[in-house]
Amino acid sequence: MAGPRRDTRGIVEAQELFARVRFRRREPAPALRPYLEHYWLIDWDLTEPYASHVVPHPSVNVVFQRYGDKAGWGEVAGIGLRLFTQKLEGRGRVCGVQYRPGGFRPFAPDRPVSDWTGQRLPIADVLPGADQDTVLGILGPGAAEEGRPGVQGQAGAEAQSEAQSEAQSEDARVAALDAFLLGLEPDADPQALRAMALVDLVRTDRSIRRVAELAAAEGVSARSLQRLFAAYVGVGPKWVILRYRIHEALERAESGEGPAGEGPMGEGPGDGDRSGGGLDWAALAAELGYSDQAHLVRDFTATVGVPPTAYARPPLGNSQ
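Residues numbered from 1 in each chain as written. Predicted model: local features only at pLDDT ≥ 70, side-chain atom pairs only at ≥ 80, totals over all residues. Heavy atoms only, no water.

Asker: Where do I start with the overall build of the protein in this structure?
Answerer: Counting its regular elements, the protein contains ten helices and nine strands. When burial is assessed residue by residue, the protein has 47% of its 320 residues classed as buried. Long-range contacts, defined as pairs at least 24 residues apart, comprise 71% of the intrachain contacts of the protein with a sequence gap of at least 6. A total of about 15200 Å² of accessible surface is found on the protein, and carbon and sulfur atoms cover 52% of it. (Helix = DSSP H or I, 4+ residues; strand = E, 2+ residues; numbered from the N terminus. Buried < 20%, exposed > 50% of the residue type's maximum accessible area, 1.4 Å probe, protein only. Contact = heavy atoms within 4.5 Å. Areas by Shrake-Rupley, 256 points an atom, 1.4 Å probe, with all protein chains shown as cover.)

Listed below in structure tokens is the structure:
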């Protein structure tokens, strides 16, 4: 394993979010890494509310969270089919577990993962042994008082001491997550490994643009592939292919990076529409496997809520 991902795929206006919260990804214990992408930790202390938006991955998440003075709680979040929006205000903390697509079923083997899709359920309804002591152990006592982003003006020794305390608190949260998940003793399941490998193929191999191509690569029928994905991933292979396309388009729109072989703002060959941030959307649509630019625009707009050219356009007074 190469450690947690460093990309921002799925996070809408990622730099706006990162300017307001402390966001980290951490590796789980080695025995958990075949099933988990990473842990994701967020702490915030805001003077003004902020709405974060995420285009969900084809992944189940287990989320422990505390907002302001409210008691912490945990939930299992099945794959979200629509844009996820969360209002952040005051102080808060979230400790999340992102499973690899296909990796959750060994932890809850009695139900197909599609049963959780589109749902957010109390953790105790899905995973055994997740009581309030578990939640408190993972979030930490007085979590709202810790990890305040952007604290200014501290003396050197005081700042260093606080940084060490925060690092110890973060390590303790990761250790608590490891202990809880290892205690669930996930069942070894060859079909889960197969599903994870297939989704990873979709994510990394841009030549896989159709369900038929993925089925041919695996040597099975499209119907067999659909059954496997319903049982172990939670959504169909077509949905996964389309979602990873939108993730890539979203990241390209935010970074201004053009299709392969072009410069950071799409400079290079091609006569497509560059009206959004300099990107050649026609060329990007072709690279991502769309039949034309209109289909990419339709899917992007339906998922993110604005067309790609509007999303990529810098705010007035912030052009470069």
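Anyway, onward from the coordinates.
Asker: Explain the environment of Ala 294 here, please?
Answerer: Relative to the helices and strands, Ala 294 is located in helix H9 (residues 293-304). For Ala 294, a relative accessible area of 52% corresponds to the exposed category.

Asker: In this structure, what is going on with the sheet that holds strand S8 (residues 91-99)? I would like to understand it.
Answerer: Pairing between sheet strands relies on hydrogen bonds along the backbone, with the strands arranged either parallel or antiparallel. The six strands lie next to each other as S2-S3-S8-S5-S6-S9, forming an open sheet whose pairing is antiparallel. Across the chains shown, the open sheet's two edge strands, defined by having one partner strand only, are strand S2 (21-26) and strand S9 (120-122). Going across the sheet, the axis of each strand differs from the next one's by a mean of 20°, ignoring polarity. In the sheet, strand S6 (residues 73-77) pairs with S9 via three bridges, with the strands oriented antiparallel. The partner of Ala 77 across the bridge, within S9, is Arg 120. Of the strands in this sheet, strand S5 (61-67), S6 and S8 are in contact with helix H2 (residues 132-139), which crosses S5 at around 75°. (Pairing = 2+ DSSP bridges. Axes fitted to C-alpha atoms, helices over the stretch in contact; angles between N-to-C directions.)

Asker: What am I meant to see in the packing of aromatic side chains here?
Answerer: Under the criterion given, the structure shown has eight aromatic pairs. On the numbers, 5.6 Å between centres and 35° between planes, the contact of Tyr 67 with Trp 73 is tilted. Both rings, one in Trp 281 and one in Phe 300, keep their centres 6.3 Å apart while their planes meet at 70°; by these two values the pair is edge-to-face. Pair noted here: Trp 281 is in helix H8 (residues 281-287) and Phe 300 is in helix H9, with a separation of 19 residues, a long-range link. Residue class for Trp 281 comes out buried when judged on its relative accessible area of 0%. A residue is classified by how much of its surface remains accessible, and Phe 300, at 0% relative accessible area, is buried. A network of ring pairs unites the aromatic residues Tyr 35, Tyr 99, Phe 104 and Phe 107 as a single cluster. Lying across the ring of Tyr 232, Arg 105 places its NZ or CZ 4.9 Å from the centre. Against the face of Tyr 290 rests Arg 245, its NZ or CZ located 4.5 Å from the ring centre. (Phe/Tyr/Trp six-rings, centres within 6.5 Å; stacked < 30°, edge-to-face > 60°. Lys NZ or Arg CZ within 6 Å of the ring centre and 35° of its normal.)

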